[in-house]
Amino acid sequence: MSQTASSFKQQKYDAGVARVDMKLEVALIPVSDVDRAKEFYTRLGWRFDDDIVMGSDFRVVQLTPPGSGCSISFGKGVTAATPGSFRGGLIVSNIEAAHKELVARGINASEVFHGSPFSPSGRISGPDPERQSYRSYVSFEDPDGNAWIVQEVTRRLPSRIDPAATIFASANDLASAMRRAAAAHDEHEKQNGQRDANWPDWYAAYMAAEQEGTEPPM
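Residues numbered from 1 in each chain as written. Predicted model: local features only at pLDDT ≥ 70, side-chain atom pairs only at ≥ 80, totals over all residues. Heavy atoms only, no water.

> Looking at this structure, how should I read the overall build of the chain?
From N to C terminus, the chain includes 5 helices and 9 strands. In the chain, the succession of α and β elements from N to C terminus is α-β-α-β-β-β-β-α-β-β-β-β-α-α. Of all 218 residues assigned to the chain, the portion counted as buried reaches 34%. When contacts within the chain are restricted to residue pairs at least 6 apart in sequence, long-range pairs at least 24 apart make up 55% of them. (Helix = DSSP H or I, 4+ residues; strand = E, 2+ residues; numbered from the N terminus. Buried < 20%, exposed > 50% of the residue type's maximum accessible area, 1.4 Å probe, protein only. Contact = heavy atoms within 4.5 Å.)

Below, the structure is given as structure tokens:
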């Protein structure tokens, strides 16, 4: 079947079938010591959800990062993956604040860096000089060596967020978005040479555009 025919068939299928939302719910983390892992992820400040034991061969612990719609699970009889083989990504709205909190919680986190998020040799000290979204990172590992990359995201790439829904996971994320909107609005007023009395609507449009990945108001 040609690519064109295949694409046409897929389009007909897509048009005839209602979309079913499919959201990532849980990531399975391979660990060697369940209680040690439970202590570590609790110390991170992640919400403890459950600890289920069924006989001597099965135990599952679930925790959820603050503001996340996806949880992690680990335990006994959960996954055959090698402890330490997991790689995961987290996002925050302020990478320096996130680094400060990790260190305060006793986590051996890397310094804030930009450059390559995956190759240590490609990392450059400090946040992205232009503080571009997706460009600043912190990394840390759990006791088994399962690695996490924390990434600063302040403005989403296009089509990553439902344009009908602007959601902030926490009061801190909302406050950070408002500070960025305030700074941008100051520049907006300077360019126009006059005070903008309609600043609440401008703030709202700017904050929604950040999440949607569209052009902010000028």
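Continuing now.
> What should I look at first to understand the sheet that holds strand E7 (residues 123-125) in this one?
Strands sit in the order E5-E9-E8-E6-E7 across an open sheet of 5 strands; the sheet is mixed. A strand with exactly one partner marks an edge of an open sheet, and here the two such strands are strand E5 (87-92) and E7. Adjacent strand axes in the sheet meet at a mean angle of 40° when their direction is disregarded. The pairing of strand E6 (residues 113-115) with E7 spans 3 bridges and is classified as antiparallel. Along E7, the bridge assignment pairs Gly-115 with Arg-123. In this fold helix H3 (residues 95-104) packs onto E5, strand E8 (136-141) and strand E9 (147-152), with an angle of close to 20° to the strand it touches most, E8. (Pairing = 2+ DSSP bridges. Axes fitted to C-alpha atoms, helices over the stretch in contact; angles between N-to-C directions.)

> For this particular structure, what's the right way to read the sheet that holds strand E4 (residues 71-76)?
Across the sheet, 4 strands lie side by side as E1-E4-E3-E2; this open sheet has mixed pairing. Two strands lie at the open edges of the sheet, namely strand E1 (26-28) and strand E2 (47-54), each paired on one side alone. Here the strands of the sheet are splayed against their neighbours by 20° on average, with no regard to which way each runs. Of the pairings in the sheet, the one linking E1 to E4 comprises 3 bridges and is parallel in character. Opposite Leu-28, over in E4, you have Ser-73 as the bridge partner.

> Where do I start with the nonpolar core in this structure?
When a protein is soluble and globular, its nonpolar side chains tend to lie buried together. In terms of nonpolar packing, the biggest core is built from 24 residues, with Tyr-41, Phe-74, Phe-140 and Trp-148 touching the most fellow members. Elements supplying a minimum of two residues to this core: helix H2 (34-43), strand E3 (58-64), E4, H3, E8 and E9. No other element matches H2, which puts 4 residues into this core. Sequence-distant contacts of Tyr-41, defined by excluding residues within four places in its chain, comprise Ile-29, Trp-46, Leu-63, Ile-72, Phe-74, Asp-142, Asn-146 and Trp-148. With 7 residues, the next largest nonpolar core counts Ala-184, Tyr-203, Tyr-206 and Met-207 among its residues. (Core = buried A, V, L, I, M, F, W, Y, C linked by side-chain atoms within 4.5 Å.)

> Hey, could you run me through the pattern of salt bridges in this one?
Opposite charge on two side chains permits pairing when their charged atoms draw close. All told, the structure shown has 10 salt bridges when counted by the stated rule. Among the salt bridges present, the one from Arg-105 reaches Glu-101, with a minimum N-O distance of 3.0 Å. Close ionic contact of Glu-187 with Lys-190 constitutes a salt bridge, the shortest N to O distance being 3.6 Å. Taken together, the residues Glu-187 and Lys-190, both in helix H4 (residues 171-192) and 3 residues apart, mark about one turn of the helix. Lys-190 sits in the exposed class, given a relative accessible area of 62%. (Salt bridge = Lys/Arg side-chain N within 4 Å of Asp/Glu carboxyl O.)

> In this structure, what is going on with the packing of aromatic side chains? I would like to understand it.
What describes a pair of aromatic rings is the distance from one ring centre to the other and the angle between the planes of the rings. Under the counting rule described, the total for this entry stands at 8 aromatic pairs. Pairing Tyr-41 with Trp-46 gives two aromatic rings, centres 5.2 Å apart and planes at 40°, and the pair type is tilted. For the pair formed by Tyr-41 and Trp-46, the shared burial category is buried. Three or more aromatic residues joined by ring pairs form one cluster here, namely Phe-40, Tyr-41, Trp-46, Phe-74, Phe-86, Phe-140 and Trp-148. (Phe/Tyr/Trp six-rings, centres within 6.5 Å; stacked < 30°, edge-to-face > 60°.)

> Please explain H4 as it appears in this structure.
Counting along an α-helix, one turn takes 3.6 residues, and residues three or four places apart therefore face a common direction. Compared with the 32 Å implied by 1.5 Å per residue over 22 residues, the 31 Å span of H4 between its first and last C-alpha is a close match. The complete set of buried residues in H4 reads Ser-176, Ala-177, Ala-181, Ala-184, His-185 and His-188. (Expected span 1.5 Å × (residues − 1).)

Purely geometric stuff here, so don't read any function into it on its own.
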